[in-house]
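Structure at a glance
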Amino acid sequence: MSAIIRTTGLTKTYGDQKAVDRLDLTVGQGQIYGFLGRNGAGKTTTIRMLLGLIKPTEGQIELFGENLFKHKRNLLRRIGSIVEHSGFYENLTGAENLLINARLMGVHKKTAIQDALEIVSLHQEPKKLVGQYSMGMKQRLGIARAVLHHPELLILDEPTNGLDPIGIKEIRRLIKSLAEERKMTILISSHILPEIEQLADQIGIVHQGRLLEEVSFEELRKRNRKHLEFQVSDDNKAAMLLEKELDIHDYEVRGEGKIRVYSHIGRQAALNRLFVENGIDVSRLTISEDRLEDYFIKLIGGGTIG
Ligand code: ATP
């Protein structure tokens, strides 16, 4: 999978405060990448750098495999974004607002505005002024503007901020369909874990300007599945016994004598006996089920996300 965004040592300093601190971020093609962190973690500052709105103090940004600072104009054309205020005229309709933006962006295709309104399901109320829009509708109009020029990469800074649960669900559905049907790569920032969990394939967790972890949700779920973990004297032999004697295949050898078994929860005594009877010492056995939320709290050192 080729990287659409790659930052290396990306840093932004304000006075003596590091808003973003040596961030190495990789967003692969076609991914929905959840950029997760508490308020003030450095998400917006990172996004502003990715969009060329502010200059990094240090570090590199590559978009689509090319250096942002060398090819800024061309690269930014391939990106759509929502950052901060929408900046729409309240006394104009959604379509009129988009028309202004389309002209500014050099989008001349006649159907572009109608297409964008349809994507975000705002085409049914053509006469409504933006001043009469709900928050959710305004956010969707923001997304319509961001996709007017059919970007390959969409960068959304907290797109569900201030929305009610239905509004959040609509945005979620919209983001999913842009990724699936239009094959866009999407980076979405949020401080709300469950929201990202339902959407993203990959997450980057940022805290105090630093990237603590970049991992796929698949891997996270696996890590957090309920399991038995044995600390044994010979993990290879233990694995062989599990397969041969009990036909257990849903296990993982974790190194340093740790072996996790994701099935047979409740049958730990039998497994223990199998190991011991075959000459394997078991020095510890734990049964665990980390909730994703606990994991994040552990990661960011006691604070909470959300
Ligand atoms: P939020 O969800 O609250 O927007 P965030 O993760 O987007 O948070 P940033 O807005 O990137 O965080 O801010 C990171 C840190 O950098 C904060 O401590 C913030 O006060 C500081 N910061 C951001 N912009 C500036 C600026 N222009 N001048 C000084 N400090 C700034």
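Note: the structure precedes this text.
Now for a look at the structure at hand. (Residues numbered from 1 in each chain as written. Predicted model: local features only at pLDDT ≥ 70, side-chain atom pairs only at ≥ 80, totals over all residues. Heavy atoms only, no water.)

A short note on the nonpolar core
If you look at the biggest cluster of nonpolar residues, it comprises 48 residues, and the most contacted ones within it are Leu141, Leu178, Ile203 and Phe296. Apart from the residues lying within four places of it in its own chain, the contact partners of Leu178 are Ile119, Ile143, Val147, Leu154, Lys183, Met184 and Ile186. Formed by 26 residues, the second largest nonpolar core is a distinct cluster that contains Ile4, Ile47, Leu68 and Leu153. (Core = buried A, V, L, I, M, F, W, Y, C linked by side-chain atoms within 4.5 Å. Buried < 20%, exposed > 50% of the residue type's maximum accessible area, 1.4 Å probe, protein only. Contact = heavy atoms within 4.5 Å.)

Considering unusual backbone geometry
Backbone geometry places Gln208, a non-glycine residue, at a positive phi of 50°. Along the polypeptide, Gln208 turns up in the loop between β10 (202-207) and β11 (210-216). Classification of Gln208 as exposed rests on a relative accessible area of 61%. Residue Asp247 is not a glycine yet carries a positive backbone phi of 55°. (Helix = DSSP H or I, 4+ residues; strand = E, 2+ residues; numbered from the N terminus.)

A short note on the pattern of salt bridges
Considering all chains together, one arrives at 10 salt bridges under this definition. Residue Asp21 is joined to Arg22 by a salt bridge in which the shortest nitrogen-to-oxygen separation is 3.0 Å. Classification of Arg22 as partly exposed rests on a relative accessible area of 45%. Salt-bridge contacts for Lys43 lead to Glu158; the nearest nitrogen and oxygen are separated by 3.6 Å. Taken together, the residues Lys43 in helix α1 (residues 43-50) and Glu158 in the loop between β8 (153-157) and α6 (165-180) connect sequence positions 115 residues apart. We classify Glu158 as buried; its relative accessible area is 12%. Salt bridges sharing partners connect three or more residues here, namely Lys18, Asp21, Arg22 and Arg210. (Salt bridge = Lys/Arg side-chain N within 4 Å of Asp/Glu carboxyl O.)

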